[in-house]
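Below, each chain spelled out in residue letters.
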Amino acid sequence: MYTHWFFDFDGTLCDTEADIKDAWRKALALIGRECPRFDAIYKTGPTIDQVVHMLFDDATPELVDQVRAVFKPCYDQSGFPKTAPYAWIPAWLDELKTQGCHLYVATNKRYAPMGALMAKMGWLELFDGYYSFDMYPGEKLKKAELLKRVMAVRGIDPADAVMVGDTQGDVDAGRGAGIHTIGVTWGYGSRAELEGADEIHDAP
């Protein structure tokens, strides 16, 4: 049993996609950009910058900045009405806590909405901390770097830590940080992209 459990949020702990996609559609409408194949191209998990480049072949730094500025309030102020934990997550987290484990969120979601979501889920006391790529001023850390930073600050031995996620990015981050990786298939990634994980599970 590992003592320190890092979880991705979107597609691992909670089904967030409906609220995120609603915010994207609203943001694109506000800036007057059409993306007819949005549903076919869009993928939950990557950063705003990465999604813009997925959606638009002509993406420029200016377009990324424009989308980011409009998307943030569309999402942050939505209240996240459709977001909820997967049905089996609360019992799994409670069981880990009962066994003396420490729980953390490590996510590509921005720090501001992440805090609001943790409060909405009632998880601020359950988790030891939540960490986002943009939480350190002046830095935008990749998830592997974020994990390393958190473990260094908290004095966590990588051999006693695990990263749980639903996408290849989560698996790569865990491996890059030198910790055990668990891929879960109920989220937004495919089983094929989880093949590099130390374990793959269809249920907790």
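Anything mentioned here points back to the structure above.
Residues numbered from 1 in each chain as written. Predicted model: local features only at pLDDT ≥ 70, side-chain atom pairs only at ≥ 80, totals over all residues. Heavy atoms only, no water.

Chemist: Requested: an account of the side chain of Arg 110, with residues and values cited.
Modeler: Summarising the element assignment, Arg 110 is placed in the loop between β4 (102-107) and α6 (111-121). Note on Arg 110: relative accessible area 9%, which makes it buried. A polar contact of 2.6 Å, which involves the side chain of Arg 110, links it to the side chain of Asp 76. Filtering out sequence-adjacent residues up to four positions away, Arg 110 remains in contact with Ile 48, Phe 71, Lys 72, Tyr 75, Asp 76, Ser 132, Phe 133 and Asp 134. (Helix = DSSP H or I, 4+ residues; strand = E, 2+ residues; numbered from the N terminus. Buried < 20%, exposed > 50% of the residue type's maximum accessible area, 1.4 Å probe, protein only. Polar contact = N/O pair within 3.5 Å; in protein donor to acceptor, adjacent residues only side chain to side chain. Contact = heavy atoms within 4.5 Å.)

Chemist: Requested: an account of the pattern of salt bridges, with residues and values cited.
Modeler: Pairs can form between side chains of opposite charge once their charged atoms are near each other. This model, assessed by the stated rule, comprises 15 salt bridges. When the shortest N-O distance is used, the salt bridge between Asp 22 and Arg 25 registers 3.4 Å. Of this pair, Asp 22 and Arg 25 both sit in helix α1 (residues 17-31), separated by 3 residues, roughly a single helical turn. A salt bridge links Arg 68 to Asp 65, with the shortest nitrogen-to-oxygen separation between them at 2.9 Å. Of this pair, Arg 68 and Asp 65 both sit in helix α4 (residues 61-76), 3 residues apart, which is roughly one turn of that helix. Taking the relative accessible area as the measure of exposure, Asp 65 reaches 45% and is therefore partly exposed. Linked through salt bridges whose partners overlap, the residues forming this network are Lys 21, Asp 22, Arg 25, Asp 39 and Lys 82. (Salt bridge = Lys/Arg side-chain N within 4 Å of Asp/Glu carboxyl O.)

Chemist: How would you sum up the nonpolar core? Please name residues and give values.
Modeler: Counting residues in hydrophobic clusters, the biggest one holds 49 residues, and the most contacted among them are Trp 5, Phe 7, Leu 13, Trp 24, Trp 123 and Phe 127. Among the nonpolar cores identified, the runner-up in size contains 17 residues, and Ala 144, Met 163, Ala 177 and Ile 179 belong to it. (Core = buried A, V, L, I, M, F, W, Y, C linked by side-chain atoms within 4.5 Å.)

Chemist: How would you explain the pairing of strand β6 (residues 161-165) if you had to name every residue and give the values?
Modeler: Burial runs high along β6: 5 of the 5 residues are buried. Burial along β6 is two-sided: the face carrying Ala 161, Met 163 and Gly 165 and the face carrying Val 162 and Val 164 are both buried. Bridge count between strand β1 (residues 4-7) and β6: 4 bridges; the pairing is parallel. When the bridges of β6 are listed, His 4 appears paired with Ala 161. (Pairing = 2+ DSSP bridges.)

Chemist: Please set out the sheet that holds strand β7 (residues 180-184) residue by residue, giving values where relevant.
Modeler: The parallel open sheet is built from 6 strands, whose spatial order is β5-β4-β1-β6-β7-β8. If you trace the sheet from one side to the other, it starts and ends with β5 (129-132) and β8 (199-201), each paired once. For this sheet the average axis-to-axis angle between neighbouring strands, irrespective of direction, equals 25°. Inspection of the sheet shows β7 paired to β8 by 3 bridges, in the parallel sense. Counted as the bridge partner of Val 184 is His 201 from β8. Set on the sheet, helix α5 (residues 89-98) makes contact with β1, β4 and β6; between it and β1 the angle comes to about 160°. In this fold helix α7 (residues 143-154) packs onto β1, β4, β5 and β6, with an angle of close to 145° to the strand it touches most, β4. (Axes fitted to C-alpha atoms, helices over the stretch in contact; angles between N-to-C directions.)

Chemist: Can you tell me about the packing of aromatic side chains, naming the residues and giving the values?
Modeler: Within this structure, the stated rule accounts for 16 aromatic pairs. Ring plane angle 15° and centroid distance 5.6 Å describe the contact between Tyr 86 and Trp 88, whose orientation is recorded as stacked. On the accessibility criterion, Tyr 86 (10% relative accessible area) is buried. When the ring centre of Phe 56 is taken as origin, the NZ or CZ atom of Arg 33, which lies over that ring, is 4.4 Å away. Here Arg 149 stacks its cationic end above the ring of Tyr 136, 4.6 Å away from the centre of that ring. (Phe/Tyr/Trp six-rings, centres within 6.5 Å; stacked < 30°, edge-to-face > 60°. Lys NZ or Arg CZ within 6 Å of the ring centre and 35° of its normal.)

Chemist: Give a description of α1 that names residues and reports values.
Modeler: In a regular helix each residue adds 1.5 Å, so 15 residues correspond to 21 Å; α1 covers 21 Å between its end C-alpha atoms and thus fits that length. When we look at burial in α1, the residues that qualify are Asp 19, Ile 20, Lys 21, Ala 23, Trp 24, Ala 27, Leu 28 and Ile 31. Directly after α1, the chain includes Gly 32, whose backbone phi takes a positive value near 75°. (Expected span 1.5 Å × (residues − 1).)

Worth remembering: the numbers are spatial, not functional.
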